[in-house]
Amino acid sequence: MVDDVSPGSIGQGNPLEGAHLTVTSKSFTENLVLGAMIGIAFQAAGADVLDRTGIQGSIGSREAVRKGDADAMYEYTGTAWITYMGNSEPIVDPQAQWRAVHDADLKNGLTWLPPSRLDNTYALAMNQANHRKYGTNTLSDVATLSKSDPSAVTLCVEGEFANRADGLPGMEKAYGMNIAASRITQMDTGIIYTQAAKGSCTYGEVYTTDGRIRSMNLVVMDDDKDFFPNYNAAPVINSKALKKWPAIAGLLNPITKRLDNTVAQELNAKVDVAGEDPHQVALDWMKNQGFVK
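Residues numbered from 1 in each chain as written. Predicted model: local features only at pLDDT ≥ 70, side-chain atom pairs only at ≥ 80, totals over all residues. Heavy atoms only, no water.

As annotated in an unreviewed UniProt entry, the protein chain carries the name Glycine betaine ABC transporter substrate-binding protein and is attributed to Streptomyces sp. 900129855.

## Here we look at the overall build of the protein chain
This is how the line gets drawn: Helix and strand assignments come from DSSP, with helices taken as H or I runs of at least 4 residues and strands as E runs of at least 2, each series counted from the N terminus. Put simply, the radius of gyration uses C-alpha atoms, and a globule should come to 2.2 Å times the residue count raised to 0.38. Here's how the labels work: a residue is buried when its accessible area is under 20% of the maximum for its type, exposed when over 50%, partly exposed in between, all with a 1.4 Å probe on protein chains only. Contact criterion: two residues are considered in contact whenever any of their non-hydrogen atoms come within 4.5 Å of each other. For the purpose of counting charges, residues Lys and Arg are taken to be positive, whereas Asp and Glu are taken to be negative. His and the chain ends are not included. One atom stands in for each charge, and that atom is NZ of Lys, CZ of Arg, CG of Asp or CD of Glu.
For the protein chain, the count of helices and strands is 14 helices and 10 strands. A globule of 293 residues ought to have a C-alpha radius of gyration of about 19 Å, and the protein chain, at 20 Å, matches this closely. Seen through its C-alpha atoms, the protein chain measures out along the principal axes to roughly 65 × 40 × 25 Å. Burial status across the protein chain gives 55% buried among its 293 residues. Put simply, of all contacts in the protein chain between residues at least 6 apart along the chain, 79% involve residues at least 24 apart. Placing the 26 positive and 34 negative side-chain charges of the protein chain at their respective mean positions leaves the two points 2 Å apart.

## With respect to the sheet that holds strand E8 (residues 203–207)
Note the following rule: The pairing criterion for strands is at least two bridges between them, as found by DSSP.
With mixed pairing, the five strands of this open sheet are ordered in space as E7-E6-E8-E5-E9. Strands with a single pairing partner mark the edges of an open sheet, and in this sheet they are strand E7 (184–186) and strand E9 (219–220).

## Concerning the packing of helix H1 (residues 29–44) against helix H14 (residues 278–288)
Applicable threshold: Fitting a line to C-alpha atoms yields each axis, with helices limited to the stretch in contact; the angle taken between N-to-C directions then spans 0 to 180 degrees. Orientation is classified from the angle alone, with under 35 degrees giving roughly parallel, over 145 giving roughly antiparallel, 65 to 115 giving roughly perpendicular, and any other angle giving oblique. In this scheme the handedness of a crossing depends on how the near helix is turned from the far one: anticlockwise by less than a right angle means left-handed, clockwise means right-handed. Ten residue types, Ala, Val, Leu, Ile, Met, Phe, Trp, Tyr, Cys and Pro, are classed as nonpolar, four, Asp, Glu, Lys and Arg, as charged, and the remainder, Gly among them, as polar.
Viewed as axis vectors pointing N to C, H1 and H14 meet at an angle of 55°, and their least axial separation amounts to 8 Å. Judged by the angle between their axes, H1 and H14 are oblique. For the crossing formed where H1 meets H14, the hand is right-handed. Contacts between H1 and H14 involve Leu32, Val33, Ala36, Met37, Ile40 and Ala41 on the former and, on the latter, Pro278, His279, Ala282, Leu283, Trp285 and Met286. Classifying every residue of the contact of H1 with H14 by side-chain character gives 11 nonpolar, one polar and no charged.

## Looking at the side chain of Glu158
Definition in use: We call two N or O atoms a polar contact when they sit within 3.5 Å, provided that within protein one can donate a hydrogen and the other can accept it, with sequence-adjacent residues counted only if both atoms are side-chain atoms.
Tracing the sequence through the fold places Glu158 in the loop between strand E6 (155–157) and helix H7 (159–163). For Glu158, a relative accessible area of 12% translates into the label buried. Within polar-contact distance, the side chain of Glu158 engages the side chain of Tyr207 at 2.9 Å. For Glu158, the residues in contact, after removing those within four places along its chain, are Met187, Thr189, Ile192, Glu205 and Tyr207.

## Some points on the packing of aromatic side chains
Stated precisely, the cut-off is as follows: To pair, rings of Phe, Tyr and Trp, with the six-membered ring standing in for Trp, must have centres within 6.5 Å; the planes then decide the type, stacked if under 30 degrees apart, edge-to-face if over 60, and tilted in the middle. Placement of a positive charge over a ring is assigned whenever Lys NZ or Arg CZ falls within 6 Å of the ring centre and within 35 degrees of the normal to the ring plane.
Under the criterion given, the structure shown has eight aromatic pairs. With centroids separated by 6.5 Å and ring planes inclined at 80°, the aromatic side chains of Tyr122 and Tyr231 adopt a geometry described as edge-to-face. Within this pair, whereas Tyr122 is found in strand E5 (residues 122–126), its partner Tyr231 is found in the loop between E9 and strand E10 (233–238), the two being separated by 109 residues in sequence. Of the residues examined, Tyr122 reaches a relative accessible area of 6% and is grouped as buried. Each residue in the set Tyr122, Phe161, Tyr207, Phe227, Phe228 and Tyr231 is aromatic and connected to the rest through ring pairs, giving one cluster. When the ring centre of Tyr193 is taken as reference, the NZ or CZ atom of Arg212 above it lies at 4.3 Å.

## Description of the pairing of strand E1 (residues 20–26)
As a reminder, the rule being used: Handedness rule for crossovers: strands pointing away from the viewer, path from the first strand over the helix to the second running clockwise, crossover right-handed.
Buried residues dominate E1, accounting for six of its seven residues. For the crossover that starts at E1, traverses H1 and ends in the parallel strand E2 (residues 48–55), the hand is right-handed.

## Some remarks on the environment of Pro150
Relative to the assigned elements, Pro150 resides in the loop between helix H6 (139–148) and E6. Measuring from C-alpha to C-alpha, the distance between Pro150 and Leu113 comes to 45 Å, with 37 residues separating the pair along the chain. If we ignore the near neighbours within four places in the chain, the residues touching Pro150 are Leu145 and Arg183.

## Quick look at the pattern of salt bridges
This is how it is decided: We define a salt bridge as a side-chain nitrogen of Lys or Arg found within 4 Å of a carboxyl oxygen belonging to Asp or Glu.
Summed over the entire model, instances satisfying the criterion amount to six salt bridges. A salt bridge links Glu63 to Arg66; the shortest N-O distance between them is 2.7 Å. Here the residue Glu63 and the residue Arg66 both occupy positions in helix H2 (residues 58–67), the gap between them amounting to three residues, near one helical turn. Taking relative accessible area as the criterion, Arg66 reaches 35% and is therefore assigned partly exposed. A salt bridge links Asp260 to Arg117; the shortest N-O distance between them is 3.9 Å.

So, in structure tokens, the structure goes:
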């Protein structure tokens, strides 16, 4: 990374002077933006930073940090707990979920820094017209509607969501939904948002931090039984790198504290709706927040 940045509210005194650090991320918009934030923070603190953001799939970026090929990334608590650690039941309390993955990953040479309020989990969303028509606000409301007026409930979902235990099958079981297979259509993620916005399906499967929720004015159903896992974003650091450069925690904690779903939706929309570059979006936000100059 070769951004022209200097310390703002973080990085004073260049605590990473002399450090050669590699940042990584997964390849989807939000994680690209978050990975860039880490790299920009490291640069402001004096480090020489190698950019390895955008690794395909979840496991590749995690393995890079675990093996020491990279030093830092933002990861999601639910992904670690369920996908990497093989647990089937999520932990309802977000802080307890973070603590569980933090403690479990120490033996893997990974240290989780404190989590953000950004919770990129699954949800169902509908357009304003259908919201006025059916008046559902929670997944329990959707379950009730699926029984009282089965023809009213149509779903657009991804193939993965349709088959995951923490996706559609588990949601239907937890909420007692009765949705006929003929009323469920599988499609690519981007198409789901447009179809839900058009009302072609009553409810679309969305991610709670996706910028298209705001840009398309969709209404998100509340997960009132806390079925979906918490996917709070938190920095994950190679433990050896953190031991060598302990200032990393103090650099990233203030950034993480600012991150929530509203911020994520806004930044993600700049990329997915307005077509801006993820790295530039991260840099602009870091400057606007006063973290760097």
